[in-house]
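Fold and contact review
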Amino acid sequence: MLDSIDKNLHSLNIEDFRKDLISWYLLEKRDLPWRINQDPYKIWVSEIMLQQTRVDTVIPYFLAFTEKFPTLEALAEADEEDVLKAWEGLGYYSRVRNLHSAVKEVVSSYGGIVPDTPEEISKLKGVGPYTKGAILSIAYNVPEPAVDGNVMRVMSRILSIWEDIAKPKTRTIFENILYEVISKEQPSEFNQALMELGAIICTPTSPSCLMCPVREHCHAFHEGVQRELPVKSKKKKPKQVTMAAAVLKDAEGHYYIHKRNSSGLLANLWEFPNCETTIDIVSQKEQLVKFLSDEYETEAELEPLTGTIQHVFSHLVWNISVYAGQLKPGSSYKNLVKVTETEMQRYAFPVSHQKIYKMSLQTNEQ
DNA sequence: GAGTCGTGGGG
DNA sequence: TCCCCAAGACT
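If you're wondering where the values come from, they're calculated on a predicted model, not measured in any experiment.

The rules we used
- Residues numbered from 1 in each chain as written.
- Chains lettered and ligands numbered in written order.
- Predicted model: local features only at pLDDT ≥ 70, side-chain atom pairs only at ≥ 80, totals over all residues.
- Heavy atoms only, no water.
- Helix = DSSP H or I, 4+ residues; strand = E, 2+ residues; numbered from the N terminus.
- Contact = heavy atoms within 4.5 Å.
- Near = heavy atom within 4 Å.
- Polar contact = N/O pair within 3.5 Å; in protein donor to acceptor, adjacent residues only side chain to side chain.
- Nonpolar A, V, L, I, M, F, W, Y, C, P; charged D, E, K, R; others polar.
- Expected span 1.5 Å × (residues − 1).
- Buried < 20%, exposed > 50% of the residue type's maximum accessible area, 1.4 Å probe, protein only.
- Lys, Arg positive; Asp, Glu negative; His and termini not counted.
- Salt bridge = Lys/Arg side-chain N within 4 Å of Asp/Glu carboxyl O.
- UniProt positions renumbered as here; feature names shortened; annotations may be inferred.
- Core = buried A, V, L, I, M, F, W, Y, C linked by side-chain atoms within 4.5 Å.
- Axes fitted to C-alpha atoms, helices over the stretch in contact; angles between N-to-C directions.
- Parallel < 35°, antiparallel > 145°, perpendicular 65-115°, else oblique.
- Left-handed = near helix turned anticlockwise from the far one by under 90°.
- Domains from an automatic or database assignment.
- Buried area = accessible area lost by both parts, 1.4 Å probe.
- Phe/Tyr/Trp six-rings, centres within 6.5 Å; stacked < 30°, edge-to-face > 60°.
- Lys NZ or Arg CZ within 6 Å of the ring centre and 35° of its normal.

**Side note on the environment of A86**
Looking at where A86 falls in the secondary structure, it is placed in helix α6 (residues 80-87). When the C-alpha atoms of A86 and R346 are compared, they prove to be 10.0 Å apart, with 260 residues separating the residues in sequence. Setting aside residues up to four positions removed in sequence, A86 forms contacts with Y61, F65 and F69.

Shown next as structure tokens:
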């Protein structure tokens, strides 16, 4: 550990810091649906959902998900199609495929009981260093650190740490510190308090230091550099991709949809047939028709461009031109699935393709 | 270690 | 408008 960090850590009154932090948390903590009890399964679900996702976004998904799959066994026995549907729109879909797989593993290897040791729980798919600490501390009161973005931001300010928190290696610095600082009596409250403080008071751009219960312990506050911390290098711009999608219907009103590959981007989700095209708008429709013929052996008549939708991912941007179209009578449709409008509601689509569907409906009305 | 993997909200 | 973010994990 760096000397300056070590120096500031040992100047911290750890007992008072814990007490001030936890006292504040017990008074000010938000009422969140995963704080009703300590059911390890529901804590687990909430922690997976909260990865890189805001609390306000997660709440309705958590309520619906735990109503549909109330127990670990219920989730383990569910069809993946239904599990993905419950995650539709939440993003990072590998999270729920890993959760589903891990829950089955808990049933087969641990008798349906979520393991309570760092070694065992870390073997489960989708449970990394943060989630391990979060579940163990919150559900089982085990004094393991749970270092997320909040914790790195708060502790970088408290101890004036100038390491780049975007680098994976930096997380271990905070873990080592927190093994010392975490409350051994109240690890659950301590970990949640640190995250709650980061979410409510010690926010990224304009921290509310005057309302902070631990500002007297904070090196950054005393030095007036709380706005300069944490140090976080920025990532590069996402790559632009030009695409075209076809909402194909037949004379009976069926839709023709495609299930995506089982790995990679938006794995196992459903979509309207689409392909990457050149940026040449004049020939784009012909490129799409050729793709539909080559890939799916369809004969289709596409209408003029309906419109475009944009979808921004973390690392790329889809610019999608939408074409409504008719599948010709008797046409084949290899690797596509023919569904009614009602049946289609049972499948999970990425948000971009929900937008594509809505756009196609607007044209039908005209 | 850097890239992959979603989405919607806020400054 | 644009950029960054939000309770990360996996390859």
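**Examining the protein's contact with DNA strand B**
Around DNA strand B sit 21 residues in total, of which R54, Y93, L266, H311 and S314 are the nearest. Counting only the atoms of DNA strand B within 4 Å of the protein, the fraction contributed by sugar and phosphate is 58%. One of the backbone nitrogen or oxygen atoms of L265 is found 3.2 Å away from a phosphate oxygen of DNA strand B. Interatomic distance of 2.5 Å between a side-chain N/O atom of H311 and a phosphate oxygen of DNA strand B. Residue composition of the surface near DNA strand B, by class: nine nonpolar, eight polar and four charged.

**As for helix α9 (residues 129-140)**
Under the 1.5 Å per step criterion, the end-to-end length of α9 is 16 Å for twelve residues, consistent within 8% with the ideal 16 Å. Within α9, ten of the twelve residues are buried, which leaves it mostly tucked inside the rest of the structure. All of the buried residues along α9 are Y130, T131, K132, G133, A134, I135, L136, S137, I138 and A139. Residues of α9 that are buried sit in contact with α3 (40-50), α8 (118-121), α11 (168-181) and α12 (187-200). Two residues or fewer after α9 comes N141, characterised by a positive phi angle close to 60°.

**Comments concerning the side chain of D164**
Structurally, D164 can be placed in the loop between α10 (149-158) and α11. Although D164 lies buried, it forms no salt bridge, and the closest oppositely charged side chain, K167, sits 4.3 Å away as judged by the N-O distance. Within the structure, the side chain of D164 is placed 2.9 Å from the backbone nitrogen of A166, a separation counted as a polar contact. In this structure D164 touches T170, V231, K232 and S233, once residues within four positions along its chain are discounted.

**Remarks on the UniProt feature "domain: HhH-GPD" (unreviewed entry) in chain A**
Following the UniProt record, one finds the feature "domain: HhH-GPD" (unreviewed entry) at residues 49-200. Helix makes up 66% of residues 49-200 and strand 0%. Its end C-alpha atoms lie 19 Å apart.

**Concerning the nonpolar core**
F17, W44, F65 and M155 are the most contacted members of the largest nonpolar core, which has 99 residues in total. For this core, the leading source of residues is α3, giving seven residues. With residues near it in sequence (within four places) discarded, M155 still touches F17, S160, I161, F174, I177, L178 and L194. Grouped together as the second largest cluster of nonpolar side chains are 13 residues, C275, Y296, A300 and L336 included.

**With respect to the protein's contact with DNA strand C**
Close contacts around DNA strand C come from 28 residues, with Q52, G126, D148, N150 and P204 the closest. Looking at DNA strand C alone, sugar and phosphate atoms form 66% of those within 4 Å of the protein. Taking R54, its side chain carries an N or O atom lying 3.2 Å from a base oxygen of DNA strand C. Take G126: an N or O atom from its main chain is 2.5 Å from a phosphate oxygen of DNA strand C. Elements that contribute at least two residues to the surface near DNA strand C include exactly α3, α9 and α10. Residue composition of the surface near DNA strand C, grouped by class: nine nonpolar, nine polar and ten charged.

**A word on the packing of α3 against helix α4 (residues 55-68)**
At a minimum axis distance of 10 Å, the contact between α3 and α4 shows a crossing angle of 140°. Comparing the axis directions of α3 and α4 gives the class oblique. Crossing of α3 against α4: the hand is right-handed. On α4, the residues that touch Y41, K42, V45, S46, M49 and L50 of α3 are V55, V58, Y61, F62, F65 and T66. Classifying every residue of the contact of α3 with α4 by side-chain character gives nine nonpolar, two polar and one charged.

**Things to note about the domain arrangement of chain A**
Quoted interface sizes are often the accessible area lost when the parts come together. Assigned domains of chain A: these are domain 1 (1-232) and domain 2 (237-360). The C-alpha-based centres of domain 1 and domain 2 are spaced at 38 Å. Here domain 1 packs against domain 2, burying approximately 980 Å² in sum over the two surfaces, 47% of which is carbon and sulfur. The largest share of the area that domain 1 buries against domain 2 comes from E81, E88 and Y93, three residues that together contribute 48% of it. Joining domain 1 to domain 2, the criterion identifies seven residue pairs in polar contact (both at pLDDT 80 or more). At four residues, the largest contribution of residues to the side of domain 1 that touches domain 2 is made by α6. Of the residues belonging to the side of domain 1 that touches domain 2, the class tally is three nonpolar, one polar and five charged.

**Brief notes about the packing of helix α2 (residues 14-28) against α12**
Contact geometry of α2 with α12 gives a least axis separation of 9 Å together with a crossing angle of 75°. Judged on the interaxial angle alone, α12 and α2 are roughly perpendicular. Across the interface between the two elements, F17, R18, L21, I22, W24, Y25, L26 and E28 from α2 touch E189, F190, Q192, A193, L194, E196 and L197 from α12. Its residues assigned to classes, the contact of α2 with α12 shows ten nonpolar, one polar and four charged.

**Observations concerning the packing of aromatic side chains**
Summed over all chains, the structure comprises eleven aromatic pairs. Ring plane angle 80° and centroid distance 5.3 Å describe the contact between W34 and F62, whose orientation is recorded as edge-to-face. Taken together, the residues W34 in the loop between α2 and α3 and F62 in helix α4 connect sequence positions 28 residues apart. As far as the burial class goes, W34 and F62 line up, both buried. Members of the aromatic cluster, joined through ring pairs, are Y255, F272, F349 and Y357. When the ring centre of Y347 is taken as reference, the NZ or CZ atom of R346 above it lies at 5.9 Å.

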